Amino acid sequence: MTDISPIPSVAVEMSMAGKVCIVTGAASGIGRAIARRLAAQGARVVIADLTTDVIEGGEPTAELIARDGHLAVFHRTDVAVTAQVDGLIADTVARFGRLDVLVNNACIRHPRPLLELEEQDWWRILDVNLSGVYRCCRAAIRQMVRQAPVNETRGRIINLSSQHGLIAAPDDLAYGVSKAGVDYLTRQIATDYAGRKIVCNAVAPGKIHTGQGGRATDPAVVERALRRTPWRRLGRPDDVARAVLFLASDDASFITGATLMVDGGWMAA
Ligand SMILES: NC(=O)c1ccc[n+]([C@@H]2O[C@H](COP(=O)([O-])OP(=O)(O)OC[C@H]3O[C@@H](n4cnc5c(N)ncnc54)[C@H](O)[C@@H]3O)[C@@H](O)[C@H]2O)c1
């Protein structure tokens, strides 16, 4: 059947007015940019991180957002600790009444190939990058399924995966495995909970310039990333934030279980 209802000529695009959002790892980098974007569109944002310190420098994210004239609060959370994750969701709902959007962005890195990767480091990376997403999704969906749907949706989850969840991350085994797991988990949750009106998508950034040091700033790594990226620059945190905003908004209808690349064409080449 063709839908012939008129499309309003003045649309308020990607409004997050009144929505309650949690962004993990939002003290720095991409998470910080996501929190700013969501808040600027009217969301009430909870910044869930181990720290308020900003890796790339600057004032804490909640203060920056307040200075922009928007609303954000900080909630100290370690996504590797189940009780803290459950407390994050409970406190958010106690404060704001519901949870509309969860963005799983927190991550750690420890780039090593297999033969140089200690078992304790393997488990540490997986515990934060993959099990952290599992814990946060579980706590969030327990809440979301109890909420009344708004625009057909009880809640939205956006997971940060990576192009390196889809192709090998050179010499970076545990991170790549964790991101592949996040991508799979996204599809599984989307499939299992669509019937209960939970939306779950992933955003997979390419090489984004954040405050990370070490290997991320190694001239050889940067040069390879530029060579590998058809759109000849590194990504910016706000490139990723705009994609997350779209998937967090009601403008993203009938999209679930998807991975949206934000990689300047890395995976297309
Ligand atoms: N930067 C890139 O090039 C790139 C590329 C692909 C994917 N990504 C993904 O994007 C996301 C953000 O990356 P980024 O470069 O902004 O990272 P970042 O290192 O700049 O920031 C990570 C944030 O996570 C927080 N964090 C770490 N452990 C935590 C824990 N246990 N609990 C709560 N918070 C914790 C840190 O304090 C920090 O604020 C990650 O999921 C990453 O895998 C980044």
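Structure shown above.
All figures in this text were calculated on a predicted structure; none of them were measured in a lab. (Residues numbered from 1 in each chain as written. Predicted model: local features only at pLDDT ≥ 70, side-chain atom pairs only at ≥ 80, totals over all residues. Heavy atoms only, no water.)

## What about the overall build of the chain?
Then comes step 1: Each helix and strand in the chain was counted, giving eight helices and seven strands.
Then comes step 2: In terms of overall dimensions, the chain is globule-like: its C-alpha atoms have a radius of gyration of 18 Å, near the 18 Å expected for 269 residues.
Then comes step 3: Its C-alpha atoms give the chain principal-axis dimensions of about 55 × 45 × 40 Å.
Then comes step 4: A buried classification covers 46% of the 269 residues belonging to the chain.
Then comes step 5: Counting contacts in the chain only where the partners sit at least 6 residues apart, residues at least 24 apart contribute 76% of the total.
Then comes step 6: Within the structure as shown, the chain displays about 13,200 Å² of accessible surface, and the carbon and sulfur contribution to it stands at 55%.
Then comes step 7: Measuring between centres, the 31 positive side-chain charges of the chain sit 3 Å from its 29 negative side-chain charges. (Helix = DSSP H or I, 4+ residues; strand = E, 2+ residues; numbered from the N terminus. Rg over C-alpha atoms; globule rule 2.2 N^0.38 Å. Buried < 20%, exposed > 50% of the residue type's maximum accessible area, 1.4 Å probe, protein only. Contact = heavy atoms within 4.5 Å. Areas by Shrake-Rupley, 256 points an atom, 1.4 Å probe, with all protein chains shown as cover. Lys, Arg positive; Asp, Glu negative; His and termini not counted. Charge placed at Lys NZ, Arg CZ, Asp CG, Glu CD.)

## Let's talk about the side chain of Ser161
Then comes step 1: Of note, Ser161 is situated in the loop between strand 5 (155-160) and helix 6 (173-193).
Then comes step 2: A distance of 3.0 Å separates the side chain of Ser161 from the side chain of Asp183, its partner in a polar contact. (Polar contact = N/O pair within 3.5 Å; in protein donor to acceptor, adjacent residues only side chain to side chain.)

## Remarks on the packing of aromatic side chains
Then comes step 1: Evaluation of the coordinates by the stated rule reveals one aromatic pair.
Then comes step 2: Taking 6.5 Å as the distance between ring centres and 70° as the angle between the ring planes, the aromatic pair formed by Trp122 and Trp123 counts as edge-to-face.
Then comes step 3: Judged by relative accessible area, which is 52%, Trp123 ranks as exposed. (Phe/Tyr/Trp six-rings, centres within 6.5 Å; stacked < 30°, edge-to-face > 60°.)

## Things to note about the site of the ligand
Then comes step 1: Taken together, 29 residues lie near the ligand, and Ile30, Asp49, Tyr175, Lys179 and Ile208 sit nearest.
Then comes step 2: Interatomic distance of 2.8 Å between a backbone N/O atom of Ile208 and an oxygen atom of the ligand.
Then comes step 3: Take Thr210: an N or O atom from its side chain is 3.0 Å from an oxygen atom of the ligand.
Then comes step 4: Going through the elements one at a time, helix 1 (29-40) and helix 6 are the ones with two or more residues in the shell around the ligand. (Near = heavy atom within 4 Å.)

## A closer look at the packing of helix 5 (residues 131-144) against helix 6
Then comes step 1: Interaxial distance between helix 5 and helix 6 falls to 11 Å at its minimum, and their mutual angle equals 20°. Here helix 6 runs roughly parallel to helix 5, going by the angle between their axes. Crossing of helix 5 over helix 6 shows right-handed handedness. Listed contacts from helix 6 to Val133, Tyr134, Cys137 and Ile141 of helix 5 are Val182, Leu185, Ile189 and Tyr193.
Then comes step 2: Classifying every residue of the contact of helix 5 with helix 6 by side-chain character gives eight nonpolar, no polar and no charged. (Axes fitted to C-alpha atoms, helices over the stretch in contact; angles between N-to-C directions. Parallel < 35°, antiparallel > 145°, perpendicular 65-115°, else oblique. Left-handed = near helix turned anticlockwise from the far one by under 90°. Nonpolar A, V, L, I, M, F, W, Y, C, P; charged D, E, K, R; others polar.)

## Regarding the environment of Arg95
Then comes step 1: As for its position among the elements, Arg95 is in helix 3 (residues 82-96).
Then comes step 2: Using a relative accessible area of 55% as the deciding quantity, one classes Arg95 as exposed.
Then comes step 3: With 75 residues separating them in the primary sequence, Arg95 and Val20 have C-alpha atoms 10.0 Å apart.

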